[in-house]
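# Observations on the model geometry
Spelled out from the first residue to the last, the chains are:
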Amino acid sequence: KQEVTQIPAALSVPEGENLVLNCSFTDSAIYNLQWFRQDPGKGLTSLLLIQSSQREQTSGRLNASLDKSSGRSTLYIAASQPGDSATYLCAVRVRGSWGKLQFGAGTQVVVTP
Amino acid sequence: DAGVTQSPTHLIKTRGQQVTLRCSPKSGHDTVSWYQQALGQGPQFIFQYYEEEERQRGNFPDRFSGHQFPNYSSELNVNALLLGDSALYLCASSLSGHSNQPQHFGDGTRLSIL
C-alpha cells in the first residue's frame, strides 16, 4: 500500500529565505508526482508535475526534484515571499490505478515579512 | 476556459440527512474523481467516474455514491450523514489516457454536519 509522508508538518521562514519542502513515498511504482498549493478553505492549485522518468521540473521560482528509487521528492521555492504562505501538498499517481492520487498531509508554510 | 467548478460552496446538514454535491469538469476533460479532505489532513480518494461508470473506488462505505452525466459532469451523494462526514469535498478532472497531464481541482464544497 502506497503511503506518502511530508515532513515537517509546519514551517516558518523570514521573507527572502529559500524554502525546502520534503515528500517521501513508499512504493516507487508511480506514474508521476504532483505538487499542489492550498490556501485556507480553498481547493488545490497544481504547481508542478514530474513524470516518473524525469529528475526535476522547474517553473519560475519553483523547482521540484524526484528520486524515484529512494522514494523522495523535494520542492524548492527560491526567495520566499509572504504570498507564498499556504499549505503545500504532494501526491503520487500510482501505477496500475486509473488516476487515483495518494496525498501526503501537507506542509503548512508561513513566510514572515 | 473554465476550470473545475463545484457547487454549492458550503452546506450545513444534520445527522441522518442526505446530501448531493455537484461538479463540472474542466473543458475537454472526461474523467472526474472525488476526494474527501478532513481538517489538517490530505485529501482521500473516494471514487472516479469515466464514461458514466464508477471506474475505481477508495475505502469509503456504500453511503457514498455518485453519478456521471453524458456531459461529463458528476454528482456525489452521501446518505445517512454522520458527524465524521464533515469535511471539504474536492472534485478533480482529467483526460483519460493522458497520465502525463496534471489533474485539476475545484475549490471544493465545505460540508458541515451538526
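This text goes with the structure placed above it.
This one's a predicted model, so the numbers in the text were calculated from it and none came from an experiment.

## With respect to the pairing of strand β9 (residues 87–94) of chain B
Residues in a regular strand project their side chains so that they alternate between the two faces of the sheet. Residue and element names in this part refer to chain B. For β9, the tally of buried residues reaches eight of eight residues, placing the bulk of the element in the interior. The side-chain alternation of β9 yields two buried faces, one formed by Ala87, Tyr89, Cys91 and Ser93 and the other by Leu88, Leu90, Ala92 and Ser94. Looking at chain direction, strand β4 (residues 31–37) and β9 are connected through seven bridges and run antiparallel. Directly across from tyrosine 35, in β9, lies its bridge partner leucine 90. Where β9 lies against strand β11 (residues 109–113), three bridges are found, and the strand directions are antiparallel.

## A look at the sheet that holds strand β1 (residues 5–7) of chain B
Residue and element names in this part refer to chain B. With antiparallel pairing, four strands are arranged side by side in an open sheet as β1-β3-β8-β7. Each edge of the open sheet is held by one strand with a lone partner, namely β1 and β7 (64–68). For this sheet the average axis-to-axis angle between neighbouring strands, irrespective of direction, equals 20°. The pairing of β1 with strand β3 (residues 19–24) spans three bridges and is antiparallel. The residue of β3 that forms the bridge with serine 7 is arginine 22.

## Points about the sheet that holds strand β8 (residues 72–77) of chain A
All names here are of chain A. Reading across the sheet, the five strands line up as β1-β3-β8-β7-β6 and stay open at both edges, with antiparallel pairing between neighbours. The outermost strands of the open sheet, each flanked by one partner alone, are β1 (4–7) and β6 (56–59). Averaged over neighbouring strand pairs, the angle between their axes works out to 15° when direction is ignored. Direction of pairing for strand β3 (residues 19–25) relative to β8: antiparallel, over a ladder of six bridges. Its bridge partner being in β8, leucine 19 is matched across the sheet by isoleucine 77.

## Description of the environment of Gln57(A)
All names here are of chain A. Secondary-structure assignment places glutamine 57 in strand β6. The sequence separation of glutamine 57 and serine 97 amounts to 40 residues, and the corresponding C-alpha distance is 23 Å. Not counting residues up to four positions away in its chain, the partners in contact with glutamine 57 are Leu48, Leu49, Ile50, Leu62, Asn63 and Ala64. A polar side-chain atom of glutamine 57 sits 3.1 Å from a polar atom in the side chain of glutamine 54.

## So, the environment of Pro8(A)
Residues and elements named next belong to chain A. Along the chain, the position of proline 8 falls in the loop between β1 and β2 (10–14). As for proline 8 and lysine 68, which are separated by 60 residues in sequence, their C-alpha atoms are 20 Å apart. When neighbours within four sequence positions are excluded, proline 8 is seen to be in contact with Gly106 and Thr107.

## Overview of the state of the cysteines
Evaluation of the coordinates by the stated rule reveals two disulfides over all chains. Across a sulfur-sulfur distance of 2.0 Å, Cys23(A) and Cys90(A) are joined as a disulfide pair. Between Cys23(A) and Cys90(A) the sulfur-sulfur dihedral comes to about 80°; the bridge is accordingly right-handed. Separated by 67 residues along the polypeptide, Cys23(A) in strand β3 and Cys90(A) in strand β9 (residues 86–94) bring together distant segments of the chain. Exposure class is identical for Cys23(A) and Cys90(A). Each is buried. Disulfide pairing places Cys23(B) opposite Cys91(B) at an S-S distance of 1.8 Å.

## A look at the side chain of Ser73(A)
Residue and element names in this part refer to chain A. Within the secondary structure layout, serine 73 lies in strand β8. A distance of 3.1 Å separates a polar atom in the side chain of serine 73 from a polar atom in the side chain of tryptophan 35. Excluding residues that lie within four positions of it along the chain, serine 73 makes contacts with Leu21, Asn22, Cys23, Leu33, Trp35, Ile50, Ser65 and Leu66.

## Let's talk about the nonpolar core
All names here are of chain A. If you look at the biggest cluster of nonpolar residues, it comprises 23 residues, and the most contacted ones within it are Phe25, Leu33, Trp35, Leu75, Tyr88 and Val92. When residues of this core are traced back to their parent elements, those giving at least two are β3, β4 (30–38), β5 (44–51), β7 (62–67), β8, β9 and β11 (107–112). For this core, the element with the most residues is β9, which contributes five residues. Ignoring any residue separated from it by four or fewer positions in sequence, one finds phenylalanine 25 in contact with Gln2, Glu3, Val4, Ile30, Leu33, Leu66, Asp67, Lys68, Gly71, Arg72 and Val92.

What counts and how
Residues numbered from 1 in each chain as written. Chains lettered and ligands numbered in written order. Predicted model: local features only at pLDDT ≥ 70, side-chain atom pairs only at ≥ 80, totals over all residues. Heavy atoms only, no water. Buried < 20%, exposed > 50% of the residue type's maximum accessible area, 1.4 Å probe, protein only. Helix = DSSP H or I, 4+ residues; strand = E, 2+ residues; numbered from the N terminus. Pairing = 2+ DSSP bridges. Axes fitted to C-alpha atoms, helices over the stretch in contact; angles between N-to-C directions. Contact = heavy atoms within 4.5 Å. Polar contact = N/O pair within 3.5 Å; in protein donor to acceptor, adjacent residues only side chain to side chain. Disulfide = S-S within 2.5 Å. Core = buried A, V, L, I, M, F, W, Y, C linked by side-chain atoms within 4.5 Å.

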